[in-house]
Structures are given as structure tokens and as C-alpha cells.
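Each chain, written out:
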Amino acid sequence: MNETTAQLLPGPGAVDPAGAAAVLRHARDVLVVGHVRPDADAAGSAIALATALRRAGTPATVAFGGPDQVPDTVAVLDRDGIVVPAAEAPADPDLLVCCDTSARRRLGDLSDRLDRARSSLAIDHHASFTGFATHHLVDPVAPATVTLVRRVLAELGAGIDPVIARALFAGLYTDTGGFRWGGADAMRLGAELVDAGAEPRELLRELSGTRPFGWLAAQATVLAGARSEPDAACGAGLVWAVVDACTATRYRDETVTIVGELLATAGDGVAALLTETAADAWSVSLRGTGAPDLSRVATALGGGGHPAAAGFERTGTRDEILAALRAGLAA
Ligand SMILES: [Mn+2]
């Protein structure tokens, strides 16, 4: 991303990267958070930013509002041990920075910090962003939140060391679908991060390479239960599968790859993975080509995201969730 392609969201509290840097420079201490069940973009953005702040002498901590046991992604990127459990996150930070988070509820157990912090800064790229912070740097055209963090770090004059480079690269690689999206600007940033020590081969093996043996059978069961509905989404088609609560608990970090497997069979249609998070409580991941706009569909169902990748959480039976999804895709 560069100045010519940035489309910063306006509105009260809107800042550009230089403005975000000024907010950070004036903070006495900073709590950096991302959305619940952080992916590599949320985790990488938060860890890169907090690491740079610490290097510059500003006390900074990272935490996520759930689940208690952090995903492997966070553990892989947190080389300096700056991530603390939500219960140990500072109660009254001077500044709260929310990375890759489109809405207040996506902060989970840490949403109360929005009220307790002296000020807050959201750095995000979701088209569905809702202005919940006192300041925001939001570019819906940016391929990943890490690209915005990179620009803020440049404004701060922060150097990119290997820990920061790894964190930023992880988010960039993941959110661009392995550089499928984001164009030459994403690739240029990727090259810069490799020069700074990101080491993609080692990093990507750590991020995705190892899975428990039992996952083979569990994955086979999930995929064998997949269903195709060619008439759904106004004829574009829908491929969906279900991860039950038992499998979701046991293979939490592994299940995220399933929706990609579904999408590969969906043609120009939509893939949906319904994950049971508790009795009659569901987390639904949607993937597609951008038409229909899944951000719109997910937002209407209480979630959010991007045109080609979105999600929502909802309570009800499996069939009720599917009915709501079919209706949303037909609208
Ligand atoms: Mn993201």
C-alpha cells in the first residue's frame, strides 16, 4: 500500500499514519489488543507495534480478549514474551490500541478497556469498521492491518528488526492469501520484511506446518459431512460443512484451514464453515470471490469482514443458522 492507493476512512477521530504516530508518541503506557481468536494479521499487528514501542522506551503490553489459551499463531510470533493473558492485561492503560478489530464486541473480555483507557486508537482495514475508538486509522482498501502498522512505524522512525519483520510478514502473507491480493505494493513490503529478517520458509512452517496426527481423521469427518447447494447465493452456489463442539475444542488451531478446502470446491460460489463454540452457539466463516459481498452478508447477520472473507457469530440450531445464511446470500 502507498499514499496513492490509501483510502482512509473519514469521520470524528480519523487520523492518518502521522496522526496515529503522534497519538502513540504522547502515550505514557500502551495496551495493544486485537480481535478475539486472533489471526496472524491481528496478532502480527499487535506484536509488531508493541515491540517497536518497547524498543523506543514506551511501556507496552499485548493481550487478546479470548480464548484463554492463545492460538499457535500468537505463540509463534511472540518471541519476546510480550503477550499476557487477558486477566493480566493492565486495567487502566493510558492508551488502548485495537488492531484489526472492526467492532467493540470483537474485543471480547477486553472491551471494558475502551471505557477505562484515557484514549484509544483503532488501526484497521475492515470495510465494516464501526467507529468505537477516540482515534482511528482505517483503510478499507489496505490488504492487511499490518500494512497500516508498517506506515505508523515509519512515521515513528522505528526500525524493523527480525521480531517485528516476522510479525508483520505473518499478517501480510495471511491476509493477502499468500500474496494473491494486495498487488505489487504487498510484494514490495514482503520483500522489505524478508530483507529485515522475516525468513518466510521457517516462519510459514511454524505458522502452519505441524498438526496433530489425530487431525487427519477429524478433518476427514468434517469434509465428508460437507454439503453443496448449487442453487444457493442466487445460483452462485454454497458449499458448507460443520465442526462440532468436540472437534472444535480439540483441534481449535487446525479447523481454520477447512474453509479454504471448501472454497476450492465452490467454483465462483461461497464456502461456509459452521463451528459450534458452545451448545447452540456458532461461529461462521465465509469465503468467496467478493460477489456476493460477504462483508454485507455477515454484517446483516451480526458480524463483519471483507467482501471475499467475512464471518459472524450467532445462536440457534444448526439448521436455523443455515437458514439465516441462505436468506442472507439470497438477499
Ligand atoms: Mn486483517
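Residues numbered from 1 in each chain as written. Predicted model: local features only at pLDDT ≥ 70, side-chain atom pairs only at ≥ 80, totals over all residues. Heavy atoms only, no water.

**Topic: the coordination of the manganese ion**
Donor atoms from the polypeptide that coordinate the manganese ion comprise Asp 41 (OD), Asp 100 (OD), His 125 (NE2) and Asp 175 (OD), at 2.1 to 2.3 Å from the metal. Every donor residue of the manganese ion comes from the same chain, spaced as D-x58-D-x24-H-x49-D. Highlighted residues: His 125 in the loop between strand E4 (119-124) and strand E5 (135-138) and Asp 175 in helix H6 (residues 162-175), separated in sequence by 50 residues. The buried category is assigned to His 125, whose relative accessible area is 2%. (Donors = N, O, S within 2.8 Å, 3.2 Å for Na, K, Ca; no water. Helix = DSSP H or I, 4+ residues; strand = E, 2+ residues; numbered from the N terminus. Buried < 20%, exposed > 50% of the residue type's maximum accessible area, 1.4 Å probe, protein only.)

**A few points about the environment of His 126**
Tracing the sequence through the fold places His 126 in the loop between E4 and E5. A C-alpha to C-alpha distance of 5.3 Å links His 126 and Pro 140, two positions 14 residues apart in sequence. Once residues within four sequence positions are removed from consideration, His 126 is found in contact with Asp 100, Ser 102, Val 138, Gly 305 and His 306. (Contact = heavy atoms within 4.5 Å.)

**Examining the environment of Pro 59**
Position of Pro 59 among the secondary structure elements: in the loop between helix H2 (40-55) and strand E2 (60-64). Once the C-alpha coordinates of Pro 59 and Leu 31 are considered, the two residues, 28 residues apart in sequence, prove to be 8.6 Å apart.

**Section: the side chain of His 136**
Structurally, His 136 can be placed in strand E5. Within the structure, His 136 has its side chain in polar contact with the backbone oxygen of Pro 10 (distance 3.4 Å). Sequence-distant contacts of His 136, that is, excluding residues within four places in its chain, are made with Leu 9, Pro 10, Gly 11, Pro 12, Gly 13, Ala 14, Val 15, Leu 121, Ala 122 and Phe 129. (Polar contact = N/O pair within 3.5 Å; in protein donor to acceptor, adjacent residues only side chain to side chain.)

**Here's the deal with the pattern of salt bridges**
Here the idea is simple: oppositely charged side chains can pair when their charged atoms come close. Evaluated as defined, the whole model comprises 16 salt bridges. Here the salt bridges do not stand alone but share partners, grouping Arg 79, Arg 166, Glu 202 and Glu 206 into one network. (Salt bridge = Lys/Arg side-chain N within 4 Å of Asp/Glu carboxyl O.)

**Remarks on H2**
In a regular helix each residue adds 1.5 Å, so 16 residues correspond to 22 Å; H2 covers 22 Å between its end C-alpha atoms and thus fits that length. Along H2, 14 of the 16 residues are buried, which leaves the element largely enclosed by surrounding structure. One side-chain oxygen of the residue at the start of H2 lies 3.2 Å from the amide nitrogen of Asp 41, identifying that residue as Asp 39. Where H2 ends, the next residue or the one after it, Gly 57, has phi of about 95°, a positive value. (Expected span 1.5 Å × (residues − 1).)

**Side note on unusual backbone geometry**
With an omega of -5°, the peptide bond between Gly 66 and Pro 67 qualifies as cis. Tracing the sequence through the fold places Pro 67 in the loop between E2 and helix H3 (72-77). With an omega of 5°, the peptide bond between Ala 291 and Pro 292 qualifies as cis. Looking at the secondary structure, you find Pro 292 in the loop between strand E9 (281-287) and helix H12 (294-300). Phi angles above zero are rare outside glycine, and Glu 199 is one such case at about 50°. As for its placement among the helices and strands, Glu 199 is situated in the loop between helix H7 (183-195) and helix H8 (200-208). On the basis of relative accessibility, which here comes to 47%, the residue Glu 199 falls in the partly exposed class. In this structure, Cys 234 is a non-glycine residue whose phi angle is positive, near 55°. The topology assignment puts Cys 234 in the loop between strand E6 (227-229) and strand E7 (238-243).

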